[in-house]
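Below are the chains, spelled out letter by letter.
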Amino acid sequence: MTLKDKHIVLGITGSIAAYKAASLARLLIKAGAEVQIVITPSGKEFITPVTLSALTGKPVVSEFFTANDGTWHSHVDLGQWADLMLIAPATAATLGKMANGIADNMLITTYLSMKAPVMIAPAMDLDMFAHPSTTRNIEMLRSYGNIIIEPAAGELASHLIGKGRMEEPEKILEVVEAFFAKKETLDKKKILITAGPTYEKIDPVRFIGNYSSGKMGFALAEECAGRGAEVTLVAGPVALKVNHPNIKRIDVESAEQMYNASVGVFGDMDAAILCAAVADFRPAEQYTQKVKRGEDDLTIALTPNKDIAASLGKMKKGGQMLVGFALETNDEEANALRKMEKKNLDYIVLNSLNDAGAGFQHDTNKISILNRNGERKDFPLKSKKEVASDIIEEVFFSLLRPFK
Ligand code: CTP
């Protein structure tokens, strides 16, 4: 009974996927939750309240008043009662109303009064999902701290193929279970995360860089912030956004800027996770004018950059934790162990370029975590979000338990 005694408000809106909400309610109840359904007027066109109240054992709430006896349904009480509000399916119209506080039905007033975390599982046609207003509304809802359960891609009710189909009830249940399983938090812990590549300037228009997308570091930042940490994210040039209000982002370009930003804040941190793919070298001199093509070979002398991980390893005081990454192509474990030792890291996360779907640019990663006691834990290929959760669980809560 993973959800024993959890109070869940399940919001249902007017989408064809509303029929899936019945299975979802059933799964939540089987897992031990008490479920109160709030449905919009158009939601009732797609699934009947009778089916839903039979499943949950509670009358479905839809209107502010019950017409025959004048009973007033308090959205404020529901906001206090719930441990979680889950809106599945959420239509484009509901997302827009939630993002903008247009409280014209019981579901939106309940949302605005909600004291518990809110999860939203959108469902709509692919073009509606791809519309900039939907994208903006989802971004706004994320910025309020709501958790979006991204729709899946596949065949839609319109028979078109694309992204917009509500995630399957079994998957949503997994997200809800994982959410409640995360009892351990990083409340108020200060964590530095470096992410992305660095660009080392050659001249005003050219640089030396690498393929790092920053996705792993950003997923770690979101995961730590989601667990209550105050995150400082030092990000190289990446095309990513942060959503969580507990993430302070410092954008940098070069390894030297990343070094200065990281060393500047580390003294105040409880931990640092060094996920950035920092360039080991930079051009010894930067041309102030664009380098012109000539007939001769061009040689650019390179000079080493400072090693941020090793410098923080030297600065590290008792109680501070340092986690590094190693991306290897050969002698993986030996190289990772050597780096952990040399840079005075507490943990090193190893990802191999030999694994399909792991490393740069991918949305997935396959890692092993090594610690100073010579222990090693291997994980299967997972989304970077799940990998971020595994890393946090392992380094903060599993082996050394330094925050207890
Ligand atoms: N790192 C860093 N600053 C650098 C270089 C690396 O903070 N200037 C960090 C990375 O963020 C990562 C770890 O050190 O956490 C390993 O980086 P890597 O470049 O693989 O280590 P190197 O010692 O440079 O080893 P090599 O290039 O020989 O593989």
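Residues numbered from 1 in each chain as written. Predicted model: local features only at pLDDT ≥ 70, side-chain atom pairs only at ≥ 80, totals over all residues. Heavy atoms only, no water.

Participant: Quick rundown of the site of the ligand? Include the residues and the values.
Facilitator: Near the ligand there are 13 residues, and of these Leu274, Ala276, Phe325, Lys339 and Lys343 occur at the shortest range. For the ligand, an oxygen atom lies 2.6 Å from a polar atom in the backbone of leucine 274. Here phenylalanine 325 contributes a backbone N or O atom positioned 2.8 Å from an oxygen atom of the ligand. For the ligand, whose unbound accessible area comes to 570 Å², protein coverage reaches 78%. (Near = heavy atom within 4 Å. Polar contact = N/O pair within 3.5 Å; in protein donor to acceptor, adjacent residues only side chain to side chain. Areas by Shrake-Rupley, 256 points an atom, 1.4 Å probe, with all protein chains shown as cover.)

Participant: An account of unusual backbone geometry is requested, with residue identities and associated values reported.
Facilitator: A cis geometry characterises the amide bond from alanine 88 onward to proline 89, with omega recorded as 0 degrees. Along the chain, proline 89 turns up in strand E3 (residues 84-90). With a phi close to 65 degrees, aspartate 5 is a non-glycine residue in the positive phi region. Within the fold, aspartate 5 resides in the segment before strand E1 (7-12). A positive phi angle, close to 45 degrees, is found at aspartate 331, a residue other than glycine. (Helix = DSSP H or I, 4+ residues; strand = E, 2+ residues; numbered from the N terminus.)

Participant: Explain the domain arrangement of the protein to me, and be specific about the residues and the numbers.
Facilitator: Assigned domains within the protein: domain 1 (7-183) and domain 2 (190-397). The centre of domain 1, based on its C-alpha atoms, is set 37 Å off from the matching centre of domain 2. Of the residues lining the interface, four residues belong to domain 1; the matching set on domain 2 comes to seven residues. Of the roughly 440 Å² buried at the junction of domain 1 and domain 2 (both faces included), carbon and sulfur atoms supply 48%. Applying the counting criterion to the domain 1 and domain 2 interface returns one salt bridge. In this structure, lysine 241 engages glutamate 139 in a salt bridge whose closest nitrogen and oxygen atoms are separated by 3.5 Å. Inspection of the region where domain 1 meets domain 2 yields one residue pair in polar contact (both at pLDDT 80 or more). For the side of domain 1 that touches domain 2, the residue count by class is no nonpolar, one polar and three charged. (Domains from an automatic or database assignment. Contact = heavy atoms within 4.5 Å. Buried area = accessible area lost by both parts, 1.4 Å probe. Salt bridge = Lys/Arg side-chain N within 4 Å of Asp/Glu carboxyl O. Nonpolar A, V, L, I, M, F, W, Y, C, P; charged D, E, K, R; others polar.)

Participant: Describe the state of the cysteines, and please don't skip the residues or the numbers.
Facilitator: Per the stated rule, a full pass over the model turns up zero disulfides. Cysteine 224 carries a free sulfur, and the closest cysteine sulfur to it, the one in cysteine 275, is 11 Å from it. When its relative accessible area of 0% is taken as the criterion, cysteine 224 is described as buried. (Disulfide = S-S within 2.5 Å. Buried < 20%, exposed > 50% of the residue type's maximum accessible area, 1.4 Å probe, protein only.)

Participant: An account of a nonpolar patch on the surface is requested, with residue identities and associated values reported.
Facilitator: A cluster of nonpolar side chains, Ile208, Phe281, Tyr287, Leu298, Ile300 and Leu302, forms an exposed patch at the surface whose accessible area comes to about 500 Å². Summarising the element assignment, isoleucine 300 is placed in the loop between strand E14 (281-283) and strand E15 (302-304). (Patch = residues over 30% accessible without salt bridge, like charges linked within 9 Å, V, L, I, M, F, W, Y side chains within 5 Å.)

Participant: Account for the side chain of serine 212, naming residues and giving values.
Facilitator: Position of serine 212 among the secondary structure elements: in the loop between strand E10 (206-208) and helix H10 (215-226). Of the residues examined, serine 212 reaches a relative accessible area of 11% and is grouped as buried. Here the side chain of serine 212 touches glycine 214 through a polar contact of 3.5 Å, landing on its backbone nitrogen. Excluding its chain neighbours within four sequence positions, the residues that come into contact with serine 212 are Gly196, Pro197, Ala277, Phe360 and Gln361.

Participant: Pulling in residues and values, what's your account of the pattern of salt bridges?
Facilitator: The tally for this structure, following the rule as stated, stands at 21 salt bridges. Glutamate 34 is paired through a salt bridge with lysine 58; the nearest N and O atoms lie 2.9 Å apart. Here glutamate 34, found in strand E2 (residues 34-39), pairs with lysine 58, found in the loop between helix H3 (49-56) and helix H4 (75-81); they are 24 residues apart in sequence, far enough to count as distant. Through salt bridges that share partners, Arg142, Glu150 and Lys163 make up one connected network.

Participant: Tell me about the packing of helix H1 (residues 18-30) against H3, residues and numbers included.
Facilitator: Remark: H1 packs on H3, axes separated minimally by 9 Å, with the N-to-C direction vectors making an angle of 10 degrees. Considering their axes alone, H1 and H3 lie roughly parallel with respect to each other. When H1 is examined against H3, the residues Ala22, Ala25, Arg26 and Ile29 are found in contact with a partner set consisting of Leu52, Leu55 and Thr56. Of the residues that constitute the contact of H1 with H3, the class distribution is five nonpolar, one polar and one charged. (Axes fitted to C-alpha atoms, helices over the stretch in contact; angles between N-to-C directions. Parallel < 35°, antiparallel > 145°, perpendicular 65-115°, else oblique.)

Participant: Break down the confidence of the model for the protein for me, with residues and values.
Facilitator: Here the protein averages 91 in pLDDT, and 96% of its residues register 70 or above. With pLDDT under 50 throughout, residues 399-404 is counted as low confidence; its partners more than four residues away or in other chains account for 16 contacts. (pLDDT = per-residue confidence, 0-100.)

Participant: Give me the lowdown on the sheet that holds strand E20 (residues 376-378), citing residues and values where you can.
Facilitator: Read across the sheet, eight strands follow the order E12-E11-E8-E13-E16-E17-E19-E20 without closing on themselves; strand pairing throughout is mixed. Across the chains shown, the open sheet's two edge strands, defined by having one partner strand only, are strand E12 (247-251) and E20. Going from strand to strand, the sheet's axes swing by 15 degrees on average, the running direction of each strand aside. Pairing of strand E8 (residues 190-195) with strand E11 (residues 230-235) involves six bridges; the strand directions are parallel. (Pairing = 2+ DSSP bridges.)

Participant: Now, about the nonpolar core: what can you tell me, with residues and values included?
Facilitator: Judged by nonpolar contacts, the single largest core of 35 residues is most densely connected at Leu220, Ile273, Ile391 and Phe396. Looking at this core, the elements that each hand over two or more residues are E8, H10, E11, strand E13 (271-274), strand E16 (321-328), strand E17 (347-352), strand E19 (367-371) and helix H14 (384-398). In contact with isoleucine 273, other than residues within four places in its own chain, are Ile191, Leu192, Ile193, Thr194, Leu220, Cys224, Val323, Phe325, Ile392 and Phe396. (Core = buried A, V, L, I, M, F, W, Y, C linked by side-chain atoms within 4.5 Å.)

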